[in-house]
Amino acid sequence: MADYRYDPHEIEPRWQQVWEDEQTWVVPEDGPTDRDAYVLEMLPYPSGEPHVGHLKNYTIGDAVAHFRRRTGHRVLHPMGYDSFGLPAENHAIKTGQHPRESTDAAIASFQEQFRRWGVSIDWTRELSTCTPEYYRWTQWIFLKLYEAGLAYRKEAAVNWDPVDETVLANEQVIDGRGERSGALVEIRQLTQWFFRITDYAEQLLDDLETIEWPSHVKTMQRNWIGRSRGAEVQFRCEELDTSYTVFTTRPDTLFGATFFVMAPEHPDVAELAKGTPQEQAVADYVRQAMVGDTKERGDDAREKTGVFTGRHVVNPVNGELLPIYVADYVLMDYGTGAIMAVPAHDDRDFAFATKYELPIKQVIAGEGGPSQPVELPYLSDGPLMNSSPEFDGTPNREALDAIVDWLDRDGKGKATVNYRLRDWLVSRQRYWGCPIPIIHCPSCGMVPVPEADLPVVLPDVTDYKPKGKSPLAAATDWVHTSCPSCGGAAERETDTMDTFVDSSWYFLRYTDAQNTEAAWDKKIVDRWMPVDQYIGGVEHAILHLLYARFFTKALADMGLLTAREPFANLFTQGMITKDGAKMSKSKGNVVSPRVMVERFGADTLRTYVLFMGPPEQDADWSDEGVEGMSRFISRLWRTSAEAAGELPAEALPAEPNADGLRILRKAHWAIDKVTADIGGRFSFNTAIAAVMELLNELSAAKRGEAEPGVVRFALSTANSLLYPFAPHATTDGYALLNDGARLWEQLWPEAEARYLVADEIELVCQVMGKVRGRVTAPADADNATLEELARNEPNVAAHLDGKQVVKVIVVPGKLVNFVVR
RNA sequence: GCGGGCGUGGUGGAAUGGUAGACACGCCGGCCUUAGGAGCCGGUGCCCUCACAGGCGUGGAGGUUCGAGUCCUCUCGCCCGCACCA
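What counts and how
Residues numbered from 1 in each chain as written. Chains lettered and ligands numbered in written order. Predicted model: local features only at pLDDT ≥ 70, side-chain atom pairs only at ≥ 80, totals over all residues. Heavy atoms only, no water. Near = heavy atom within 4 Å. Polar contact = N/O pair within 3.5 Å; in protein donor to acceptor, adjacent residues only side chain to side chain. Helix = DSSP H or I, 4+ residues; strand = E, 2+ residues; numbered from the N terminus. Nonpolar A, V, L, I, M, F, W, Y, C, P; charged D, E, K, R; others polar. Domains from an automatic or database assignment. Pairing = 2+ DSSP bridges. Buried < 20%, exposed > 50% of the residue type's maximum accessible area, 1.4 Å probe, protein only. Axes fitted to C-alpha atoms, helices over the stretch in contact; angles between N-to-C directions.

A.B. asks: Break down the protein's contact with RNA strand B for me, with residues and values.
C.D. replies: Around RNA strand B, a shell composed of 57 residues is seen, among which Thr249, Lys304, Arg348, Arg420 and Asn817 lie nearest. Atoms of RNA strand B within 4 Å of the protein: sugar and phosphate make up 68%, bases the balance. Between a sugar or linking oxygen of RNA strand B and a side-chain N or O atom of Thr248, the distance comes to 3.0 Å. At 3.2 Å, a side-chain N or O of Arg772 approaches a phosphate oxygen of RNA strand B. The element best represented in the surface near RNA strand B is helix 22 (residues 684–697), accounting for 6 residues. In the surface near RNA strand B, the residues fall into 19 nonpolar, 16 polar and 22 charged.

A.B. asks: Mind laying out the domain arrangement of chain A, listing which residues take part and the relevant values?
C.D. replies: Taken domain by domain, chain A holds domain 1 (140–196 + 423–500), domain 2 (228–418), domain 3 (626–756) and domain 4 (760–820). The gap between the C-alpha centroids of domain 2 and domain 3 is 71 Å.

A.B. asks: Lay out the sheet that holds strand 28 (residues 619–620) in plain terms, naming residues and giving numbers.
C.D. replies: With mixed pairing, 3 strands are arranged side by side in an open sheet as 27-26-28. What marks the edges here is a single partner per strand, and that holds for strand 27 (581–582) and strand 28. Bridge count between strand 26 (residues 576–578) and strand 27: 2 bridges; the pairing is antiparallel. By the bridge assignment for strand 27, Thr577 is matched with Lys582.

A.B. asks: A description of unusual backbone geometry should follow, citing residues and the corresponding values.
C.D. replies: For the bond running from Leu376 to Pro377, omega is 0°, close enough to zero to count as cis. Here Pro377 lies in the loop between helix 11 (347–355) and helix 12 (396–409). In this model, Leu454 is joined to Pro455 through a cis peptide bond whose omega is 0°. We note that Asn386 has phi near 50°; this positive angle belongs to a residue other than glycine. Structurally, the position occupied by Asn386 is in the loop between helix 11 and helix 12. A residue is classified by how much of its surface remains accessible, and Asn386, at 43% relative accessible area, is partly exposed. Unusually for a residue other than glycine, Met768 sits at a positive phi of about 55°.

A.B. asks: Break down the sheet that holds strand 19 (residues 438–441) for me, citing the residues and quoting the values.
C.D. replies: Spatially, 20-19-22-21 is the arrangement adopted by the 4 strands of the open sheet, whose pairing is antiparallel. The open sheet is flanked by strand 20 (445–448) and strand 21 (480–482), the only strands paired with a single partner. Strand-to-strand twist of the sheet, defined as the mean angle between neighbouring strand axes without regard to direction, takes the value 40°.

A.B. asks: Pulling in residues and values, what's your account of the environment of Gln746?
C.D. replies: Its location among the elements puts Gln746 in the loop between helix 25 (727–737) and helix 26 (753–756). On a C-alpha basis, the gap between Gln746 and Val317 in space is 76 Å, while along the polypeptide they are 429 residues apart.

The structure is reproduced here in structure tokens:
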């Protein structure tokens, strides 16, 4: 017998060469458009070389892409690089190496690994966001947003990262620290560029209903958008003849307001206190509040502080005078930065009132009615009291709308919806990003760069170190330009864009990647969008996914595409850990896919990462597990090669013998299971297990008298089913078994119904719900026969002896259960 | 505090309300081999037993059901998200 040795290092490059030579994964230009499928994994940020998380991500996507192709779809499966960003720039600051050089090196390493993994990518659509060919269109989109009034510049209190020396979007501040640097973020008053994502708050929320995403991701987006229904109410300050708006979700408690609070950052605070004895105290408090870090500020366990401003406002519902305090438990960036305080029914206001000995007025009665004392603060519902004759006794939830209506009629307030979502701060005072295509002219003001002049090319600089303003400011030749409007001397905007802008539209560019005349052609983008299946990590649940949705909606409103959601289906994969911990260089627990592939081959690695467990779950890396997978792939190939070499090439017999039939049934069972597991629910681990079962059934000991034609068919099926995970070994095995036939061109197998039903079943016999025996029974036996068979099973009979059978449950094809007394 | 998820053998994990532990790792035994970190065959939840037969078992306590890992109530533990959001 010949020596059949599985050698992935010979097999894998050989087939990769065929696919590359034939451009197998390039999307065919012609073909039916109703079977298109756009399968996309989040594009990587190229740094160093890819890690096992990338391997998992692209293996999932590749399995889906292969499956869709073989089920008759024309599949778009592209790749690109999110190549602008801080890590490359920080590396440049340290070493002086241009970020482009380190980025290009990383990209080369990613390309090399993706090819080595055998990921089926249409490389003709490859893109890199840091190239002028790409960012030209990023700038074009910026101008479109500017024209539409969705990009604007304003002065605002913004998050400043003192380590990276740049501003950050709200989404990039986690627990008061910069997402990248981990530095405590400071609040600074700066003029910055924003995208008006808040215009889309409602749609971003509502349209979550239209997409198939994991519910926890939807929940996170809902929380982030933070919609709350309530009312805006005007409070007048008679002394200054001014008026302040508050947002409240509890207008039903308006009668219980006993004081009024403003955030220290509120622009009117200084003016309010001016000329009162409190002026100095307020100024001191505000200054001290501003230097405190935002993390500590956000701690609700911290004792509340504040000072009286010396002024009062009038409660619009009853004319009572309420003292105005300034206190840092009120946040400027939520609502209006001012609140009415109802200590009896809000625990925060209660804590503040108690500390500063402010009056507390109960306006909602507890269960015992108005005369019964309740523990304050009372946060539950109940009828109104101490309010007005009109509302007293009304359940507070009903009174809520009535009070808003009443205020609205008097012009003192109105029902509103408030969102937690803030506009997206997009300018960055950093070098390695997309230049903002705006020119500042002393006479014309802000002038957009004309489309014909795009791209505004990022100039080279010698010093990448941020100095509180963009390093681009030092490129004086580049900065000084002429105004496109009046032709006079003018200066370029030196801030660059947040790199999340780059990745908010790349999925559109893939559809028409080589278009030099436009970002994309609407007809083409509409053919592919939305992405049918998007795959990536949960860490992007808010940032990238929210921004991409916003871009899609804004661009759709401009008529540039039809889809209103970018990603129809989202799959979020779990992390791969090592020894229970996140992999990191400092812990020294990094698993290198490159090293693993060099040792075991790509097929083993790919199949292993999907066999580790449900792909959405975190999973711990096991070196023994990889070896086990290596044994399986090797056994599959070896068995195939042996059968191809030793078994006569016979066709499937029309009437297989008993062993043949058993194997044939197992094969069709596997087809059915793998198809459902990949196509229906992303249960790759059980799909792989099903192929293992099929192969186990085909092991020499179990093969028995099965006909060679059956064995060849079953082995071909095993290869065919495992192909989406291990494309090289299975393609090779299939070709050996089938006279060189190309597996990637074969239609996905279909399970034949006649082999899915057995003619005999194992009948489980229970007495009182406990299994007492098993008998084989004809699959088509009727209930009475099944009951009789079960009753005669010796052990069942023993358990029925001397008992009275009161009920018999028969589940056809499964079990019989006797209920006895 | 609010919202979501998860608790199953030594390990990763399987189980449309119907045989708990598929498949794999690990371990044990055997075959083959000069050799094995190769290959092949078999065993492997726990207790009791020569064996048969039994008993126990899906974090814990109840409940619904002929039957519960699965559904309901309470509870404990871990993980994630949000959080002074008015």
